[in-house]
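Residue strings, one per chain:
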Amino acid sequence: MSGARVRTAVLISGRGSNLKSLIDACAASDYPAEIVLVISNVEIAGGLQFARDAGIPTRVIPHKPYPTREAFDAEIDRALREADVALVCEAGFMRIHSAWFAERWAGRILNIHPSLLPKFPGIRVHEQVLAAGETESGATVHYLTADLDSGPIIAQARVPVLPGDTPETLAARVLEVEHKLYPEAVRMVAERNT
Ligand code: GRF
């Protein structure tokens, strides 16, 4: 490894527990990525505080004022380029990107999804898993592409679905493995790029 860390941005819309797990991973001196920017489209996203506490620059870019997906994505793209970002991690970022943006960042943008993709893409994931009677679920880190939750898979972690699970109990079990999986996946991707 050259010693240079991969300049990484994290995009969030809410709580930011996955952002926090990435911030914590980056605290290790041998971690191959550093977070140089956190972008939220939601001004009150709780996760912004994790970034502020860690001294990481934040940008709030609300999507509403932009007339199209492309216009919003162009602003995100500008912020990423201004910060000289090489890798983007989406962590609970609740906007679908334009094909333009997905293609522009292809191979340099990751997403985490709380199911064993290709099963259960989209929203209300844990409800879907329980309704389908699955006996296991998990989390997936994948490359983001223009098709929602469908890009090449980088890493997965599995958890059991237990009798009596509710969407909330299952979500909590999956989230716990997400917090290990995302830093591991980012390490793998970043090590290829250093
Ligand atoms: C996680 O379950 C993630 O897989 C999904 O959205 C949730 C974000 O949680 N994409 P947090 O904001 O990282 O706590």
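Here, the structure is the one placed above.
### Some thoughts on the nonpolar core
Item 1. Judged by nonpolar contacts, the single largest core of 41 residues is most densely connected at Val10, Ile35, Val38, Leu110, Tyr182 and Val186.
Item 2. Once residues lying within four places of it in the same chain are set aside, the contact partners of Tyr182 are Asn18, Leu22, Cys89, Glu90, Ala91, Leu110, Asn111, Ile112 and Val141.
Item 3. Listed in part, the 19 residues of the second largest apolar core include Ala9, Leu11, Ile39 and Ile109.

### Some details on the environment of Ile56
Item 1. Residue position: Ile56 is located in the loop between helix 2 (47–53) and strand 3 (58–60).
Item 2. Residues Ile56 and Leu37 lie 19 residues apart in sequence; the distance between their C-alpha atoms is 6.1 Å.
Item 3. Residue contacts for Ile56: discarding those within four places in its chain leaves Ile23, Ile35, Val36, Leu37, Val38 and Ala51.

### Remarks on helix 6 (residues 167–192)
Item 1. Given a rise of 1.5 Å per residue, 26 residues ought to cover 38 Å, and the 36 Å separating the end C-alpha atoms of helix 6 matches this to within 8%.
Item 2. Maximal helix bending in helix 6 amounts to about 30°, located at Glu178.
Item 3. Residues Leu170, Val174, Leu175, Val177, Glu178, Leu181, Tyr182, Pro183, Ala185, Val186, Val189 and Ala190 constitute the buried set of helix 6.

### Focus: the pattern of salt bridges
Item 1. Tallying each qualifying case throughout the model produces 12 salt bridges.
Item 2. The residue Arg104 makes a salt bridge to Asp77 at a minimum N-O spacing of 2.8 Å. You can see Arg104 sitting in helix 4 (residues 99–104) and its partner Asp77 sitting in helix 3 (residues 69–82), a full 27 residues away along the chain.
Item 3. The closest approach of N and O atoms between Glu136 and Arg158, which form a salt bridge, is 3.0 Å. Here Glu136 is found in strand 6 (residues 136–143), whereas its partner Arg158 is found in strand 7 (residues 153–160), with 22 residues between them in sequence.
Item 4. Glu136 sits in the partly exposed class, given a relative accessible area of 33%.
Item 5. Residues participating in the shared-partner salt-bridge network are Arg59, Glu75, Arg78 and Glu82.

### Considerations on helix 1 (residues 17–26)
Residues three or four positions apart in an α-helix share a direction because the helix packs 3.6 residues into each turn.
Item 1. For helix 1, the tally of buried residues reaches eight of 10 residues, placing the bulk of the element in the interior.
Item 2. Among all positions in helix 1, only Ser17, Asn18, Leu19, Ser21, Leu22, Ile23, Ala25 and Cys26 are buried.
Item 3. If you follow the buried residues of helix 1, they end up packed against strand 1 (6–12), strand 2 (33–40), helix 2, strand 4 (87–90), strand 5 (109–113) and helix 6.

The rules behind the values
Residues numbered from 1 in each chain as written. Predicted model: local features only at pLDDT ≥ 70, side-chain atom pairs only at ≥ 80, totals over all residues. Heavy atoms only, no water. Core = buried A, V, L, I, M, F, W, Y, C linked by side-chain atoms within 4.5 Å. Buried < 20%, exposed > 50% of the residue type's maximum accessible area, 1.4 Å probe, protein only. Contact = heavy atoms within 4.5 Å. Helix = DSSP H or I, 4+ residues; strand = E, 2+ residues; numbered from the N terminus. Expected span 1.5 Å × (residues − 1). Bend = angle between axes of the 7 residues up to and from the residue. Salt bridge = Lys/Arg side-chain N within 4 Å of Asp/Glu carboxyl O.

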